[in-house]
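Take a look at the letters that make up each chain.
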Amino acid sequence: MTILGILKLVGIASVLVFIIGMFGYVKVPDDKVCFISGFRKRRITGKIAFYLRWFERVDYLDLKAFSVDVNTSEDVPTNDYINIKADAIAKVQIDEEVLDKASKNFLNKPSSTIADEIKDVLEGNLREIIGQLKIEEIVQNRKEFNNKVQENVSPDLREMGLKIISFTIQNFQEERGIIENLGAENEAKITKEALIARAKAERDVNIEKAKATKEAIDVKVQTETEISIKENELNIKKADLKVQSDTKKAMADVTYELEKERKRKEIEEAKRRLSEVLTKVL
């Protein structure tokens, strides 16, 4: 083979290597979004995608939820002018419905960097809600407080391409002991309600016991009354039968005596007649 032929082969091989080297691919997991830009903009999630090296760019957004520690570094006055500090934790995630906004703000940034960038937004909303509520409302209904902060911050985060999954207050601090007193008052209230509930329950039990005892006595009295009535009816029946028996016996006795007297008279009459007959004969 001539030198010219060898050069041609080397040139062709170099072109082929260059062409093959232009193509690259990315394997994107489900918890990330890959943005390929250049000739044609594409968003890839959960699959393999090919791109042209040197002509197209590959960027990522992490879709996993991450935590943001939120705290008020300074005292915040409540609606009733009580200064408090609050510590909270928020769960935040890239909002897939507004990925374009998220890509403009957080492309290729780790969650720790995003958390630092949105911390002020979350703290500002936390301070705003604290200022709208009284200390008692904040302390005694944390769930409602958390919901208010979450609802309040959601529009701001959405404009940045994020969504808040949860917001949870971990602790309130106040130097005058008002929160502690509220806790003691609430504990006393709960204890009082528990004692009242117990007393009512015991009262209801005693009432039910008294009702049951009364019903048992009523049944016993009714039963004994019915027994007495039956015994009385039996005694009356026995008395009636005895009267009937005695009457019949007396009637039989009278009949016997009358019959006895009649026969005695017949015998005497017969004797008298016999005596008269004998007298006449003699």
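Anyway, here's the lowdown on the structure attached to this text. Bear in mind that the values here come from a model prediction, so they are computed numbers and not experimental data.

1. What about the pattern of salt bridges?
Then step 1. Per the counting criterion, the structure on display carries 17 salt bridges.
Then step 2. Lys 32 is paired through a salt bridge with Asp 62; the nearest N and O atoms lie 3.8 Å apart. Taken together, the residues span a long stretch of sequence, with Lys 32 in strand β2 (residues 32–37) and Asp 62 in strand β5 (residues 57–62) at a distance of 30 residues.
Then step 3. Owing to a relative accessible area of 27%, Lys 32 belongs among the partly exposed residues under this scheme.
Then step 4. Between Arg 57 and Asp 59 there is a salt bridge, and its shortest N-O distance comes to 2.9 Å.
Then step 5. Taken together, the shared-partner salt bridges connect Asp 31, Lys 32, Asp 62 and Lys 64 into one network.

2. Considerations on the nonpolar core
Soluble globular proteins: nonpolar side chains tend toward being buried together.
Then step 1. Counting residues in hydrophobic clusters, the biggest one holds 39 residues, and the most contacted among them are Ile 118, Leu 122, Leu 126, Phe 145 and Phe 167.
Then step 2. Elements with a minimum of two residues in this core: β2, β6 (66–71), β8 (83–94), α2 (99–106), α3 (111–132), α4 (135–140), α5 (142–160) and β9 (162–173).
Then step 3. Considering every element that reaches this core, the biggest residue donor is α3, with seven residues.
Then step 4. With near-sequence residues (within four places) excluded, Phe 167 lies in contact with Val 70, Ala 88, Ile 89, Ala 90, Leu 126, Asn 146, Val 149 and Gln 150.
Then step 5. Of all hydrophobic cores here, the second largest spans seven residues; its members include Val 26, Ile 36, Ala 49 and Tyr 51.

3. Some words on a nonpolar patch on the surface
Then step 1. Among the surface-exposed residues, Tyr 25, Ile 48 and Phe 50 lie close enough to one another that they form a single nonpolar patch of about 370 Å² accessible area.
Then step 2. As for its position among the elements, Tyr 25 is in strand β1 (residues 23–27).
Then step 3. Under the relative-accessibility criterion, Tyr 25 is labelled exposed at 54%.

4. Focus on α5
Then step 1. Compared with the 27 Å implied by 1.5 Å per residue over 19 residues, the 27 Å span of α5 between its first and last C-alpha is a close match.
Then step 2. In the structure, α5 departs most strongly from a straight axis at Ser 154, where the bend amounts to approximately 35° and where the proline Pro 155 lies between one and four residues downstream.
Then step 3. Of all the positions in α5, only Phe 145, Asn 146, Val 149, Val 153, Leu 157 and Met 160 are classed as buried.
Then step 4. As for α5, its buried residues are in contact with α2, α3, α4 and β9.

5. Details of the packing of α3 against α5
Between two packed helices, what matters for the description is the angle formed by their axes and the separation of those axes.
Then step 1. At a minimum axis separation of 9 Å, α3 and α5 run at an interaxial angle of 140°. The element α3 and its partner α5 pack so that their crossing is right-handed. Packed against α3, whose contacting residues are Ile 118, Val 121, Leu 122, Asn 125, Leu 126, Glu 128, Ile 129 and Ile 130, the element α5 presents Phe 145, Lys 148, Val 149, Asn 152, Val 153, Asp 156, Leu 157 and Met 160 at the interface.
Then step 2. For the contact of α3 with α5, the residue count by class is eleven nonpolar, two polar and three charged.

Basis of the calculations
- The written sequence of each chain sets the order in which its residues are numbered from 1.
- Only residues with pLDDT of at least 70 are given local features in this predicted model, and only at 80 or more are side-chain atom pairs given and counted; all residues enter the totals for whole chains, interfaces and linings.
- The basis for every side-chain value is the complete set of heavy atoms in the structure, and neither hydrogens nor water enter the calculation.
- One side-chain nitrogen of Lys or Arg within 4 Å of one carboxyl oxygen of Asp or Glu is enough to make a salt bridge.
- Secondary structure elements follow DSSP: runs of H or I no shorter than four residues count as helices, runs of E no shorter than two count as strands, and numbering proceeds from the N terminus.
- In this scheme, a residue with accessible area under 20% of its type's maximum is buried, one over 50% is exposed, and one in between is partly exposed, where area comes from a 1.4 Å probe on protein chains only.
- Working definition of a nonpolar core: buried Ala, Val, Leu, Ile, Met, Phe, Trp, Tyr and Cys residues. They are joined through side-chain atoms within 4.5 Å.
- For this analysis, residues touch if any pair of their heavy atoms sits within 4.5 Å.
- Distance thresholds for patches are 9 Å for like charges and 5 Å for nonpolar side chains (Val, Leu, Ile, Met, Phe, Trp, Tyr), applied to residues having over 30% relative accessible area and no salt bridge.
- All accessible-area figures derive from a Shrake-Rupley calculation using a 1.4 Å probe, and residue coverage is judged against the displayed protein chains alone.
- Multiplying 1.5 Å by the residue count of a helix minus one yields the expected span of that helix.
- We define the bend at each residue as the angle formed by axes fitted to the 7 residues ending at it and the 7 residues starting at it.
- Inter-axis angles, ranging from 0 to 180 degrees, are taken between N-to-C directions of lines fitted to C-alpha atoms, where helices are fitted over the stretch in contact.
- We call a crossing left-handed when the near helix sits turned anticlockwise from the far one by less than a right angle, and right-handed when that turn is clockwise.
- Each residue gets one of three labels, nonpolar for Ala, Val, Leu, Ile, Met, Phe, Trp, Tyr, Cys and Pro, charged for Asp, Glu, Lys and Arg, and polar for the others, Gly among them.

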